[in-house]
Amino acid sequence: MTKKPTQTTAKATPLRSRPDRPTITFELVARLAPHQGLADNLVRTFGLEPVDYDGIRDATKEHIAEAAKAFGTALNEKALQIHLQRIAGAFVSSAFGAAQFYGTKKSAALELTSRLLNDDRDEDRDGPAGFESKAERARLFAAEMALQSFALMAAAEGAIAAYADITGDDWKPYEAPVAPAASVARKSAAVEIAAFEMAA
């Protein structure tokens, strides 16, 4: 008779012991995404359509400002600020995800190309069939993802600018409040109670 495998129930990790997620800031996005000079270089090298960074930023800023106006008196000042904080956060998170994706595709393209240009290959032999085209496609895709990342960073900058204009405050990513630490008295009581439970 076959024994049924024992099912193990995954225990939820207490919130305090979970590793904190890195705070996603616009500065982090700007470190990961391409800058204007790199974007321009990729456009020239791969023959891609340029990204209108300023146009995307300004259009996003105006769009959010118009949407905020449309609320009228439906939202009070605090509610509008919370809403806009979340909207700007969504734009920044989107740009961060795109920048990370670009980074992985860039690494993949570099790896494929470095294997293609490896000095150990005999110069008088053709490479594996299709390898050059695969590396070429990877480089093109990485360039396209770079420009997408650049465009989404422009939108994130526009959302942050709109938040600052409407609320008068600089946008900051939302951080969940830290759970209060147990007081010294409670810790001491827990240690003393544990003393009674010592095994014989």
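What comes next concerns the included structure. (Residues numbered from 1 in each chain as written. Predicted model: local features only at pLDDT ≥ 70, side-chain atom pairs only at ≥ 80, totals over all residues. Heavy atoms only, no water.)

1. Side note on the environment of Q100
When you line up the elements, Q100 lands in helix 4 (residues 77-116). Between the C-alpha atoms of Q100 and M145, which are 45 residues apart in sequence, the distance is 9.9 Å. (Helix = DSSP H or I, 4+ residues; strand = E, 2+ residues; numbered from the N terminus.)

2. Thoughts on the side chain of Q85
Inspection of the secondary structure puts Q85 in helix 4. Apart from the residues lying within four places of it in its own chain, the contact partners of Q85 are Y163, W171, K172, P173 and Y174. (Contact = heavy atoms within 4.5 Å.)

3. Focus on the layout of surface pockets
Computed from the structure, the second largest pocket encloses a volume of approximately 180 Å³. Lining the second largest pocket, in full, are L38, L42, F46, Y102, K106, A109, L110, T113, R139, A142 and A143. For the lining of the second largest pocket, the elements supplying multiple residues, two or more each, are helix 2 (36-46), helix 4 and helix 5 (131-167). With five residues, helix 4 is the largest single contributor of residues to the lining of the second largest pocket. Counted by class, the lining of the second largest pocket contains eight nonpolar, one polar and two charged residues. (1 Å grid on protein atoms, 1.4 Å probe; cavity = no way out; pocket = protein on both sides within 12 Å on 5 of 7 lines; lining within 4 Å. Points joined across faces, edges and corners; volume = space filled by probe spheres on them. Nonpolar A, V, L, I, M, F, W, Y, C, P; charged D, E, K, R; others polar.)

4. A few points about helix 2
Where helix 2 is concerned, the buried positions are A39, L42 and V43. All buried residues of helix 2 project into a common sector of 100° when viewed along the axis, lining one side. Of the residues in helix 2, the exposed ones pointing more than 90 degrees away from the buried face are R44 and T45. Once helix 2 finishes, G47 follows within two positions and takes phi at roughly 65°, a positive value. (Buried < 20%, exposed > 50% of the residue type's maximum accessible area, 1.4 Å probe, protein only. Arc of directions from axis to C-beta.)

Just distances and angles here, no functional claims.
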